[in-house]
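# Structure at a glance
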Amino acid sequence: MDEVVLEAFGKINLYLDVLWKREDGYHEIRSIMQSIDLKDTIKIRETNSGMKIDCAHPQVPLDSSNLVYKAWEKMKEISGIDKEVNITIHKRIPVAAGLAGGSADAAAVIKGLNILWDLNLKEEDLMKIGIKIGADVPFCIKGGTCLAEGIGEKLTSIEPFKRKLLLIATPNIPISTEKAYKNLPLDKIHAHPDIDRFIKGIKDKDFKFVAKNMINVMEYSELDELKIIPSIKEEMIRFGALGSIMSGSGPTVFGLFEDEKLMMKCKKSLERKIENVFFSRTI
Ligand code: ATP
């Protein structure tokens, strides 16, 4: 085998609380992360003509700053295998949008090289490699519905929250996760939401409770780019979403719907002002 093709699924945060800033600059979080069926496709092919990344999306770097390059470097270092590869990214997940697109691609490369190079590393080992690349990479390796703690690397799978209807709206305003955290007034976040009650809602399959109690404290970030968020959330709710919040550090906003027809009407309305509006489902 000299080629593998993998799907790289995006994520949303059904719940995201930021607890404190650590000495090393990272933030301790508590989050419920959820895989969605919006995905990139990653093809990895062995080559003798130099490491190369192909991607037609203008915002995706093709040099060593691409997370797939970092994933390849880490896998070489850990395995001692020094082989060049050609990685093709078919990008569908909006970039710098709070949907972990880059992390998903890196996770796919870690999993793909484990197969291509016959390394037989376990999922836990792959996740340990992933955290060296980014806080969301371990979740993108594991997938599903997880409680994420630490900086996102301590993952506990919980009851699946599959096949829920999602409307995803991504304004064309790339947000740097670092800037969003820098502008988050942690001292003003006094009431940390009750995550145990929220997890119980998922376990009890209480869709309405979950939808209505979703929360993302990153929405308090005082970044000018995030001023558009409340109006998108309001529109989702006006058109029948049971709940709507921002994902990760934004600017993507998603709504959970029960009724597909209402969701379609909402999509049409949002498309008048937002560049990318997609249907998706939790997986
Ligand atoms: P997260 O939710 O994990 O914070 P995000 O969805 O907000 O991530 P990404 O789409 O991962 O953001 O992109 C963030 C930045 O990373 C982009 O501005 C881009 O320059 C860079 N980048 C590096 N590799 C990739 C990749 N494979 N796909 C997309 N962006 C990448």
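Only a predicted model underlies this, so the values are computations on that prediction, with no experimental measurement involved. (Residues numbered from 1 in each chain as written. Predicted model: local features only at pLDDT ≥ 70, side-chain atom pairs only at ≥ 80, totals over all residues.)

Turning to the overall build of the protein, a few remarks are in order. Within the protein, the secondary structure is distributed over 9 helices and 11 strands. The globule rule puts the C-alpha radius of gyration for 283 residues at 19 Å, and the 19 Å found for the protein is close to it. Overall, the protein is about 55 × 40 × 35 Å in size when its C-alpha atoms are taken along their principal axes. Taking all 283 residues of the protein together, the buried fraction comes to 45%. Taking the intrachain contacts of the protein between residues at least 6 apart in sequence as the baseline, contacts between residues at least 24 apart amount to 72%. (Helix = DSSP H or I, 4+ residues; strand = E, 2+ residues; numbered from the N terminus. Rg over C-alpha atoms; globule rule 2.2 N^0.38 Å. Buried ≥ 20, exposed ≤ 12 C-beta atoms within 10 Å, placed from the backbone. Contact = placed C-beta atoms within 7 Å.)

In sheet architecture, strand pairing relies on hydrogen bonds along the backbone and comes in two forms, parallel and antiparallel. Spatial strand order, β9-β10-β7-β11: 4 strands in an open sheet with antiparallel pairing. Taken across any chain shown, the strands that pair with only one partner, and hence form the sheet edges, are β9 (243–246) and β11 (276–281). Averaged over all pairs of adjacent strands, the angle between their axes in this sheet comes to 20°, without regard to strand direction. Note that β9 and strand β10 (residues 253–257) share 4 bridges and pair antiparallel. In the sheet register, M246 faces β10, and the bridge partner there is V253. Taken strand by strand, helix α9 (residues 260–270) contacts β7 (165–170), β10 and β11, and its axis lies near 5° from that of β7. (Pairing = 2+ DSSP bridges. Axes fitted to C-alpha atoms, helices over the stretch in contact; angles between N-to-C directions.)

This paragraph deals with the site of the ligand. The full set close to the ligand counts 22 residues, and A100, G101, G102, D105 and G248 are the nearest of them. Taken together, the elements giving at least two residues each to the shell around the ligand come down to α1 (67–79) and α2 (101–116). No other element matches the 4 residues that α2 contributes to the shell around the ligand. Here the shell around the ligand is built from residues that sort into 11 nonpolar, 9 polar and 2 charged. Both domain 1 (3–157) and domain 2 (165–281) contribute no fewer than three residues apiece to the shell around the ligand. (Near = placed C-beta within 6 Å. Nonpolar A, V, L, I, M, F, W, Y, C, P; charged D, E, K, R; others polar. Domains from an automatic or database assignment.)

Time to look at the UniProt feature "domain: GHMP kinase N-terminal" (unreviewed entry) in the protein. With numbering aligned to this structure, UniProt lists the feature "domain: GHMP kinase N-terminal" (unreviewed entry) at residues 66–144. Spanning residues 66–144, this segment combines 56% helix with 9% strand, and its end C-alpha atoms are found 25 Å apart. (UniProt positions renumbered as here; feature names shortened; annotations may be inferred.)

That bond from G250 to P251 is cis: its omega, 5°, falls within 30 degrees of zero. Within the chain, A96 stands out as a residue other than glycine whose phi angle is a positive 50°. Mapping A96 onto the fold places it in the loop between β4 (84–90) and α2.

Before going further, it helps to spend a moment on the environment of E178. Locating E178 in the fold gives a position in helix α5 (residues 177–182). Spatially, the C-alpha atom of E178 lies 8.8 Å from that of S249, the residues being 71 residues apart in sequence.

What follows is about the UniProt feature "domain: GHMP kinase C-terminal" (unreviewed entry) in the protein. Within this numbering scheme, the UniProt entry marks residues 230–261 as carrying the feature "domain: GHMP kinase C-terminal" (unreviewed entry). Overall, residues 230–261 shows 34% helix and 28% strand. The separation of its end C-alpha atoms is 23 Å.

Moving on, we get to the nonpolar core. By size, the foremost hydrophobic cluster in this structure holds 85 residues, and its most contacted members are V68, A71, A106, A107, V109, I110 and L167. Split by domain, the residues of this core number at least three in each of domain 1 (3–157) and domain 2 (165–281). With near-sequence residues (within four places) excluded, A107 lies in contact with A8, G130, V137, C140 and I141. (Core = buried A, V, L, I, M, F, W, Y, C linked by C-beta atoms within 7 Å.)

What helix α3 (residues 123–131) keeps buried is the set L126, M127, I129 and G130. An end-on view of α3 places all buried positions within 160° of arc, on one side of the element. On its buried face, α3 is in contact with α1, α2 and α4 (137–142). (Arc of directions from axis to C-beta.)

Within the fold, C266 resides in helix α9. Here the alpha-carbon distance between C266 and P58, two residues 208 residues apart in the chain, equals 29 Å. Ignoring sequence-local partners within four residues, the contact set of C266 consists of L167, E235, M236, F239, G240, A241 and G255.

By the bridge criterion, 16 bridges tie strand β1 (residues 3–21) to strand β2 (residues 27–47) in an arrangement that is antiparallel. Looking at β2, one finds that V18 is bridged to I29. Bridge count for β2 against strand β5 (residues 145–149) is 4 bridges, and the pairing is antiparallel. Paired with S31 across the strands is A148, a residue of β5. When β2 meets β4, the two strands line up antiparallel, connected through 7 bridges. Of the residues in β4, the one forming a bridge with R45 is N86.

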